[in-house]
Amino acid sequence: MGSGLWPQFLLGILIVLIALNIFNSIRKYRKEENKRDFSISFHSLFTNKLVIGSIIIGVYSLILDYFGYLLSTILFIFLYMTLLSEKRLVFKIVTSLVATLVIYIIFARVLQVPLPRGIGILRDFALLLETL
Amino acid sequence: MLELLTSGFAVILEPSAFIMIIFATIVGIIFGALPGVGSAMAVALMVPFTYKMGPVVSIAFLTAVYCSAITGGGITAILFKIPGTPGNTPTTFDGYPMAQQGRADKALGIALVCSAIGGIVSAFAMLLISPQLSSAALRFGPAELFAVAFFGLSVLSSLDSNNVLKTLISGLIGLSLATVGMDPIFGVPRFTWGHSALVGGIPMIPVMIGMFAVTEVLKQTVNPFKIEGEFLNKKVSTKLLTIKETIAMKITILRSAVMGTVIGILPGAGATIAGFLSYAAEVKSSKTPERFGKGAPEGVAATETANNAATGGSMVPLLSLGIPGGNSSAIMVSALMLQGVQVGPMLIKTQPVFLSGVFASMIVTNILMVIVAIGIAKVFSKILNMPYSVLGPVIILLSVVGSFALQNNTGDVRLMMVAAILGYAFIKLGFSSAALVLGLVLGDICESNLRRAVMIADGDILSVLSRPITATLLITCAILLILPFARQLYKSKKALS
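If you're wondering where the values come from, they're calculated on a predicted model, not measured in any experiment. Residue positions are given per chain, counting from 1 as you read along its sequence in written order. Chains and ligands are labelled sequentially in the order written, the chains with letters from A and the ligands with numbers from 1. The predicted nature of this model means local features are confined to residues of pLDDT at least 70 and side-chain atom pairs, given and counted, to a pLDDT of 80 or more, with totals for whole chains, interfaces and linings taken over all residues. The side-chain figures draw on all heavy atoms in the structure; neither hydrogens nor water molecules are used.

Some remarks on the overall build of chain B
The following threshold applies: The helix and strand labels rest on DSSP assignments: H or I over at least four residues marks a helix, E over at least two residues marks a strand, and numbering proceeds from the N terminus. Atoms counted for the radius of gyration: C-alpha only. Globule rule: 2.2 Å times residue count to the power 0.38. The contact definition used throughout considers only heavy atoms, calling two residues in contact when any of these lie within 4.5 Å. Computed by Shrake-Rupley with a 1.4 Å probe, the accessible areas treat only the displayed protein chains as cover when residues are assessed. In this charge count, Lys and Arg are treated as positive and Asp and Glu as negative; neither His nor the chain ends contribute. Where a charge lies is defined by one atom per residue type, namely NZ (Lys), CZ (Arg), CG (Asp) and CD (Glu).
A tally of regular secondary structure across chain B gives 21 helices and two strands. A compact globule built from 497 residues would reach a C-alpha radius of gyration of about 23 Å, and chain B, at 22 Å, matches this within 12%. Along the first, second and third principal axes, the C-alpha set of chain B runs to 70 × 65 × 50 Å. Intrachain contacts of chain B at a sequence separation of at least 6 include 80% that bridge at least 24 residues. In the form shown here, chain B has an accessible surface area of approximately 18,900 Å², with 68% of it arising from carbon and sulfur atoms. If the 31 positive side-chain charges of chain B are averaged to one point and the 20 negative ones to another, these points end up 7 Å apart.

Right, here's the structure in full:
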């Protein structure tokens, strides 16, 4: 049995089952009285909380390497709290600072996981913090 | 036997490990009690804390989180009619009416004591059954092991019987994703598209953290839910069951403990099914079934005993066969693999301390959690008052840091993100992320054993599959997979005529 057989076997069944599923969905759709509207409005892309939330987390995971853990996490928590309709500004600032710091202490200090330092002056700052 | 037991307690009662178990119990109960944070999420979020522990302490720690999360879920079920984890759903039937009648303290007491009894009974059952099962499995060759792993996959059909086709597709996607990276026999890279990062395969932990933790936050971002109820700003005390009252309910407790343990051992059926079935059995066997749903203490006792007993049961296939029976145990298996532990029938033969360590942890946790839960129930309204705008981002933050800490690279963080969004799409479209994760965990075990068996048989696949045990297991598996289809067909035929 070579390296290819198992994946071929799996993907073979997968294709059959997905075909079956598509067939099922089409049948169900035909039966529906009020046909569902599948068009996505351009406007809803910018107001949909799921899309915005995913973008915030996505951007966060992308900037971690450059901005470092500290700065990107503070920004992330602040923005995500805003998305969850938190209105109190001071509360948001305090929470993002405290949460970032607590997780930093737990992981970087207690569990000794080297968190991303970022580049440039942010890296210098992170290194300075680690010497404390 | 005695030596085995002392070795387990020696590991758990070592100060640093013991502190971690206490920590696990507190976190488990709080996470379990918070609506929208299930036991799988609790276990997934705690995995990063095990990276620096020894393997035995890791599994003991995660077991403690799992057990206490199921218990914590009962608190919310009783006070707010919201099951903290799906396994606590039947607790709401009688626990919430009890609370409304002013007997919240009693309901909580029953839930805690019964949870502890259920957990401890199942821990003993695990201790006795696991070695038997693993020595039976040790006589197995790779052909049989393949069948056993494949049997674990038949779980897929029982996970969500409403949508078998989509569940199967999800499981197969998981199995296919597991083939990415070096193949387990010849080391040929597959589906790596020339990327060196993919040679090691898709790391399982970030996928699980994404699907079980961040997906849940995305869900609540779109559809936030509010908790309401008279207990939101009230201090709640707990009245523990007296020994006399416990003895009065001995049949309920004993039956539920046995049922829960057995159901927990079965692949795919975990705390949720155990809770529901044992509640149903309690109603059926009661002389006064009309009391149920209106605040019958036995209803709370039956559910809470059984769902905690299922935790011990689910550790049996995990420890003796290396096959997870559900979400939480799938996470535990991958946490062990991460530490380089060879899960499988050899595990408790060569390192019995894994069995005794888990046993000791379950005993200690089940006793500790009663004390911790009484304290937490008192300040529970304060915990619930924590706005989701804080909890949500903190869960994501823990997920990000946890995925990063795996190999200290942000690639795993991005993978976790993709898994989270995929998990959300799966929920919306009726697919099963639990099935995908199970496929991902079992994929390698399935393939490597099958291919080893075929190699031993000189390439004759048919002779491998027709070995007696293998064939029996595969046929059972096929029946389990086809049965829901047949039922659906039967139902739709009936509906037509």
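More follows now that the structure is in view.
Side note on the interface of chain A and chain B
As a reminder, the rule being used: Note: buried area is the sum, over both parts, of the accessible area (probe 1.4 Å) each one loses when the two are combined. Note on definitions: salt bridges are taken to be side-chain nitrogens of Lys or Arg within 4 Å of carboxyl oxygens of Asp or Glu. Under the rule applied, a polar contact is a pair of N or O atoms within 3.5 Å (in protein, one hydrogen donor and one hydrogen acceptor; residues adjacent in sequence only if both atoms are side-chain atoms). Any residue that is not Ala, Val, Leu, Ile, Met, Phe, Trp, Tyr, Cys, Pro, Asp, Glu, Lys or Arg is counted as polar, Gly included; the first ten are nonpolar and the last four charged.
Listed as interface residues are 47 residues of chain A and, on the opposing side, 51 residues of chain B. Taken together, the two surfaces of chain A and chain B that pack against each other cover about 4,300 Å², and 81% of this comes from carbon and sulfur. Where chain A meets chain B, there are zero salt bridges. For the interface between chain A and chain B, the tally reads six residue pairs in polar contact (both at pLDDT 80 or more). The set of elements that each furnish at least two residues to the side of chain A that touches chain B consists of helix H1 (5-31), helix H3 (49-83) and helix H4 (89-110) of chain A. Considering each element in turn, the side of chain A that touches chain B owes the most residues, 18 residues, to H3 of chain A. Within the side of chain A that touches chain B, the residues separate by chemical class into 33 nonpolar, 11 polar and three charged.

Here's the deal with the packing of H3 of chain A against helix H18 (residues 410-429) of chain B
Our working definition: What counts as an axis is a line fitted to C-alpha atoms, over the stretch in contact for a helix, and the angles between N-to-C directions run from 0 to 180 degrees. For this classification, under 35 degrees means roughly parallel, over 145 means roughly antiparallel, 65 to 115 means roughly perpendicular, and everything else is oblique.
Where H3 of chain A contacts H18 of chain B, the axes come no closer than 9 Å and their chain directions differ by 170°. As far as their axial angle goes, H18 of chain B and H3 of chain A are roughly antiparallel. Contacts between H3 of chain A and H18 of chain B involve Leu50, Ser54, Ile57, Gly58, Ser61, Leu62, Leu64 and Asp65 of chain A on the former and, on the latter, Thr410, Val413, Arg414, Met417, Ile421 and Tyr424 of chain B. In terms of residue class, the contact of H3 of chain A with H18 of chain B is built from eight nonpolar, four polar and two charged.

Notes on the side chain of Lys166 of chain B
Structurally, the position occupied by Lys166 of chain B is in helix H7 (residues 164-178). The residues contacting Lys166 of chain B, other than those within four sequence positions of it, are Asn21 of chain A together with Leu429, Gly430 and Phe431 of chain B.

Quick look at the side chain of Thr305 of chain B
Turning to its location among the elements, Thr305 of chain B is positioned in helix H12 (residues 297-321). For Thr305 of chain B, the contacting residues outside a window of four places in its chain are Cys114, Gly118, Ile253, Ser256 and Ala257 of chain B.

Points about the nonpolar core
Filter applied, for reference: What we call a nonpolar core is a set of buried Ala, Val, Leu, Ile, Met, Phe, Trp, Tyr and Cys residues that are connected through their side-chain atoms within 4.5 Å. Buried residues are those whose accessible area, probed at 1.4 Å on protein chains only, stays under 20% of the maximum for their type, while exposed residues exceed 50% and partly exposed ones sit between those limits.
Counting residues in each nonpolar core, the largest one holds 183 residues, and the members touching the most others are Tyr69, Tyr80, Phe107 and Leu115 of chain A together with Met126, Met315 and Phe380 of chain B. By residue number, the principal contributor to this core is helix H4 (residues 55-80) of chain B, which donates 16 residues.

Structural notes on helix H8 (residues 204-222) of chain B
Residues and elements named next belong to chain B. Short version of the rule: To estimate the expected span of a helix, count its residues, drop one, and scale the result by 1.5 Å. Two axes are fitted around each residue, one to the seven residues ending there and one to the seven starting there, and the angle between them is reported as the bend at that residue.
In a regular helix each residue adds 1.5 Å, so 19 residues correspond to 27 Å; H8 covers 26 Å between its end C-alpha atoms and thus fits that length. Along its length, H8 reaches its greatest deviation from straightness, about 30°, at Gly210. Burial runs high along H8: 17 of the 19 residues are buried.

Brief notes about a nonpolar patch on the surface
Where we set the bar: Patches here are clusters of residues that have more than 30% relative accessible area and form no salt bridge, with a 9 Å joining cutoff for like charges and a 5 Å cutoff for nonpolar side chains (Val, Leu, Ile, Met, Phe, Trp, Tyr).
There is a patch of nonpolar side chains on the surface, built from Leu89, Val90, Ile93, Val94, Leu97, Val98 and Val102 of chain A and spanning about 600 Å² of accessible area. Here Ile93 of chain A lies in helix H4.

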